[in-house]
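# Coordinate analysis (summary)
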Amino acid sequence: MSDYSDIADLSRPRSRRPPMPLSDRAAQFAPFAALSGHEAAVAEAGRFTDERAVLSDDQRDAIDRALALLRERLGSRPAVRIAYFKADSRKAGGAYCTCEGRLARIGEHPGSLVLEDGATVLLADVVSLELADGGLPS
């Protein structure tokens, strides 16, 4: 205590300016975001996508047989279950999706399946096709 004995009993000096509000003081300690969008880019890079699988000849034949049967039954608006690959718009790859509904038509150019609810799936993206009650080969 000998080194500070001359000032140990003095009161703490006060600034002449008013104290900073607590909300402004907290902002001083917030993380510094030098790059706007950096967090979004990191999250996007960490998002996983699937690679598009190459269909075997057997799988393509099964889809072709299912399409032929669907063309015959198109007038009855058959309920179908379609598994397809949906390409990702922001990065390589995509995701496998399934949709179900009543088939409204088979579009020829470009080849597509159009359901009554307006959903459209390109035939090139289809990986399996079946009647919702299991009546078609997948």
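The rules behind each value
Residue numbers run consecutively from 1 along every chain, following the written order of its sequence. Confidence filtering applies because this is a predicted model: local features only for residues at pLDDT of at least 70, side-chain atom pairs given and counted only at 80 or more, and all residues used for totals across whole chains, interfaces and linings. Side-chain numbers come from the whole structure's heavy atoms, not from hydrogens or water. Only DSSP runs of H or I covering at least 4 residues are called helices, and only runs of E covering at least 2 are called strands; the numbering of each starts at the N terminus. For each residue, the accessible area found with a 1.4 Å probe, counting protein chains only, is set against the maximum for its type, and the residue is called buried under 20%, exposed over 50%, and partly exposed in between. Contacts: residue pairs with any heavy atoms within 4.5 Å of one another. Method for areas: the Shrake-Rupley scheme with a 1.4 Å probe, in which residue coverage is limited to the protein chains shown. Only buried residues count toward a nonpolar core, which is a set of Ala, Val, Leu, Ile, Met, Phe, Trp, Tyr and Cys residues joined through side-chain atoms within 4.5 Å. DSSP bridges decide pairing: two strands pair if at least two such bridges lie between them. Throughout, an axis means a line fitted to C-alpha atoms (over the contacting stretch in the case of helices), and angles, computed between N-to-C directions, take values from 0 to 180 degrees.

## Notes on the overall build of the chain
- Tallying secondary structure elements over the chain gives 3 helices and 5 strands in all.
- Element order for the chain, N to C, with α for helix and β for strand: α-α-α-β-β-β-β-β.
- The buried share of the chain, reckoned over its 138 residues, is 22%.
- Counting only contacts in the chain whose residues sit at least 6 apart along the sequence, the fraction spanning at least 24 positions is 55%.
- Summed over its atoms, the accessible surface of the chain is roughly 10,600 Å², and 54% of this surface lies on carbon and sulfur atoms.

## Points about unusual backbone geometry
- Despite not being glycine, R77 shows a phi value in the positive range, around 50 degrees.
- By secondary structure assignment, the location of R77 is in the loop between helix 3 (57-73) and strand 1 (79-87).

## Notes on the nonpolar core
- Within the largest apolar cluster, 17 residues are counted, with the highest numbers of intra-cluster contacts made by L70, V80, I82, L103, L113, V126 and L129.
- Of all elements in the fold, only helix 3, strand 1, strand 2 (94-107), strand 3 (112-115) and strand 5 (126-131) reach the threshold of two or more residues within this core.
- Looking at which element gives the most residues to this core, the answer is helix 3, with 4 residues.

## A look at the sheet that holds strand 2
- Pairing is antiparallel in the open sheet, where 5 strands are placed in the order 4-3-2-1-5. Each edge of the open sheet carries a strand with a single partner, namely strand 4 (120-122) and strand 5. Within the sheet, the average angular offset between the axes of one strand and its neighbour, ignoring direction, is 35 degrees.
- Taken together, the 3 bridges between strand 3 and strand 4 define a ladder with antiparallel strand orientation. Bridge pairing links S112 to L122 in strand 4.
- Helix 3 contacts strand 1, strand 2, strand 3 and strand 5 of the sheet and is inclined by roughly 40 degrees relative to strand 5.

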